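Listed below, chain by chain, are the residues.
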Amino acid sequence: MLPGGHEDAEPHGVTPAGALPQGRALQREEKPGLPLCRKVCYAVGGIPYQMTGNALGFFLQIFLLDVVRLEPFHVSLIIFLGRAWDAVTDPAIGFLVSKSPRRKYGKLVPWIACSMPFGVLCYCMMWFTLSDATPASLKFLWYLFMYSIFQTCMTCHHVPYSSLTMFLGGTQRDRDSATAYRMGLEVFSTLLGSGIQGQIVGSYHAHMMNGCYVSKETLPNASTYSLTDSLENTRRAYIFASLVLGSIYCLSCLVLIFGVREQPGPLSPLGKVELPFASCLRMIMGHKPYTQLLCGFLFASLAFQITQGIFAFFCTHAAGLSGKFQHLVLIMLVTASLSIPFWQWFLGRFGKKTAVSLGLALIIPALVAITQVTHNFLAFVFLVMMAGCSMAVLYLLPWSMLPDAVDDFMLRNPSCLNLEALFYSFYVFFNKFAGGLAVGISTLGLHFAGYHAGDCTHNRSVILTLQLLMAPVPISLLLIAIIVFCLHPINEERRKQMRMEMEAMGHRVQCGSQEQTQG
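Residues numbered from 1 in each chain as written. Predicted model: local features only at pLDDT ≥ 70, side-chain atom pairs only at ≥ 80, totals over all residues. Heavy atoms only, no water.

## Considerations on empty space enclosed by the protein
Then, number 1: Here the structure, examined in full by the defined rule, presents 3 cavities of 30 Å³ or more.
Then, number 2: Its volume calculated, the largest cavity comes out at about 620 Å³.
Then, number 3: Elements with a minimum of two residues in the lining of the largest cavity: α3 (47–67), α4 (72–99), α6 (136–163), α10 (288–317), α13 (363–370), α14 (377–412) and α15 (420–449).
Then, number 4: With 10 residues, α3 is the single largest residue contributor to the lining of the largest cavity.
Then, number 5: Split into classes, the residues belonging to the lining of the largest cavity amount to 22 nonpolar, 14 polar and 3 charged.
Then, number 6: Looking at the second largest cavity, its volume works out to about 60 Å³.
Then, number 7: Lining the second largest cavity we find 10 residues, and of these K107, F167, N418, E420 and A421 sit closest to its centre.
Then, number 8: When residues of the lining of the second largest cavity are traced back to their parent elements, those giving at least two are α4 and α15.
Then, number 9: In terms of residue class, the lining of the second largest cavity is built from 5 nonpolar, 3 polar and 2 charged. (1 Å grid on protein atoms, 1.4 Å probe; cavity = no way out; pocket = protein on both sides within 12 Å on 5 of 7 lines; lining within 4 Å. Points joined across faces, edges and corners; volume = space filled by probe spheres on them. Helix = DSSP H or I, 4+ residues; strand = E, 2+ residues; numbered from the N terminus. Nonpolar A, V, L, I, M, F, W, Y, C, P; charged D, E, K, R; others polar.)

## Quick look at the packing of aromatic side chains
Then, number 1: Scanning the entire structure with this criterion turns up 22 aromatic pairs.
Then, number 2: For the pair W127 and Y238, a centre-to-centre distance of 5.4 Å together with 10° between the ring planes defines the contact as stacked. Remark: Y238 occurs in helix α8 (residues 220–259) and W127 occurs in the loop between α5 (109–126) and α6; sequence separation between them is 111 residues.
Then, number 3: On the accessibility criterion, W127 (0% relative accessible area) is buried.
Then, number 4: Ring geometry for W345 against F346: centres 6.4 Å apart, planes inclined by 70°, an arrangement best described as edge-to-face.
Then, number 5: Classification of F346 by relative accessible area gives buried; the value is 10%.
Then, number 6: An aromatic cluster of at least three residues, connected via ring pairs, comprises F63, Y123, W127, Y143, F150 and Y238.
Then, number 7: Note that R182 overlies the ring of W399, its terminal NZ or CZ placed 4.7 Å from the centroid.
Then, number 8: Its end group placed over the ring of F350, R349 keeps NZ or CZ at 5.1 Å from the ring centre. (Phe/Tyr/Trp six-rings, centres within 6.5 Å; stacked < 30°, edge-to-face > 60°. Buried < 20%, exposed > 50% of the residue type's maximum accessible area, 1.4 Å probe, protein only. Lys NZ or Arg CZ within 6 Å of the ring centre and 35° of its normal.)

## A word on α3
Since one α-helical turn is 3.6 residues long, residues separated by three or four positions face the same way.
Then, number 1: The largest bend in α3 amounts to roughly 50° and is located at F59.
Then, number 2: Most of α3 sits inside the fold, with 20 of its 21 residues counted as buried.
Then, number 3: Positioned one or two residues after α3, R69 has a phi angle of 70°, which is positive. (Bend = angle between axes of the 7 residues up to and from the residue.)

## Considerations on the packing of α13 against α14
Then, number 1: Two elements in contact, α13 and α14, have axes whose closest approach is 8 Å; the angle formed by their N-to-C orientations is 150°. Classified by the angle their axes make, α13 and α14 are roughly antiparallel. Seen from above, α13 lies across α14 with left-handed handedness. Each of I363, P365, A366, A369 and I370 in α13 lies in contact with α14, whose residues at this interface are F380, L383, M386, A387 and S390. (Axes fitted to C-alpha atoms, helices over the stretch in contact; angles between N-to-C directions. Parallel < 35°, antiparallel > 145°, perpendicular 65-115°, else oblique. Left-handed = near helix turned anticlockwise from the far one by under 90°. Contact = heavy atoms within 4.5 Å.)

## Regarding the pattern of salt bridges
Then, number 1: With the rule as written, the count across this model stands at 10 salt bridges.
Then, number 2: The closest approach of N and O atoms between D176 and K352, which form a salt bridge, is 3.5 Å. Of the two residues, D176 is situated in helix α7 (residues 172–215) and K352 in helix α12 (residues 352–361); the sequence distance between them amounts to 176 residues. Side by side, D176 and K352 carry an identical accessibility label, which is buried.
Then, number 3: The partner of D404 in a salt bridge is K352, and the shortest N-O contact between them spans 2.7 Å. Residue D404 is found in helix α14, and its partner K352 is found in helix α12; the two are separated by 52 residues along the sequence. (Salt bridge = Lys/Arg side-chain N within 4 Å of Asp/Glu carboxyl O.)

Laid out in structure tokens, this is it:
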């Protein structure tokens, strides 16, 4: 138990006898639920992070390898170093957000507003293809710089945005509902990002592959012209897709900025952190429910992001579906978006731990079957629908469990306030670290397997590597994540206990403010 913690807080010294039930009744009467408009505006603010992140996750690897024509080792360095830099900035930005004062427009929203224009610009520049005459070293530095700056801008957006969950107002149930709205729109935003980009660039990738096959049967000059023309069209398609997604990024931020106002609470006063960074870090990482949740989220996120990063390559080079992978991505994301309401009902009926364990296990048989099926689009449709149902759980449950861990910490350590941004920044840190590690594993695996950019056919070791990265590796990680989530100490009984304690504390704060007003 942490210093100052207590297991059974509500029976001891909460209010005088009989006051607690009356306080809860009074609070329910006077405190209205969170308005639907605020929930929707808050949820819309999550679109940029997931939309751009999934477009990068599905397409950056194949863009740098097949369109920019960088070597796999350089691609792995760009993505891994960019993610490593991004991971380092998460705790730093989280601490700066915690130290920032509350201003006229809030404490968190100004960070989102200031980072928006730079994020849109860097995202569009990242999909710009340099001239073929540019040295490989300069290409490497260009994409590494743009990728790193963009990730920093997204950190300045996402850390304060995710922390905003604690400052929307309303009850614990309202917060869970707002999280469900957010995750529903975030899954929809993955549909926007991967769907729009996939539909724009997917056909051009198919033309490039067809050009490879045709080149074996035509004159060398004609085939070279065909491949070059197809490559230029693909590059223009990526630029157009980036402009479309950048516009959606900008509009979503404006909806959030003008539609949401921060609401302080009894345990979340929106003040400045007074403790130094090392002390905050030691207290947060010493909270067992939070560290267990971090570990489970890390392994689950790593498994899904390895599968996500390799999926386009697997469909193109191992499954014989080079012109159809973008449709499979679209089906997967539509299924995930439609599954969010079901999982929200399921977690309310059976508990969050049961929902996350069952949902993550659902993708395991689908991954096994995907590696055994080739040239069968209909079979892949069914399998990616199963994967989409499981993906919805990864989007919803870990982020729904995080506020409970933060509440548990605040109740056990009532003197340590205003640390919400740090809690969320480390959560984002581990998610991004998993993404960088996933891409590094997959690209280095292809490098050592003998993958060469631009090859029309690949040796058996490349195909075997794709199969290993598609099933055995992520399945092992998912099993570890399921075990960690099952051992998570915050169950439904503890959530009820925390809700009673927070309602009692809110009632005490309300009574204290009334007494001060009357005095």
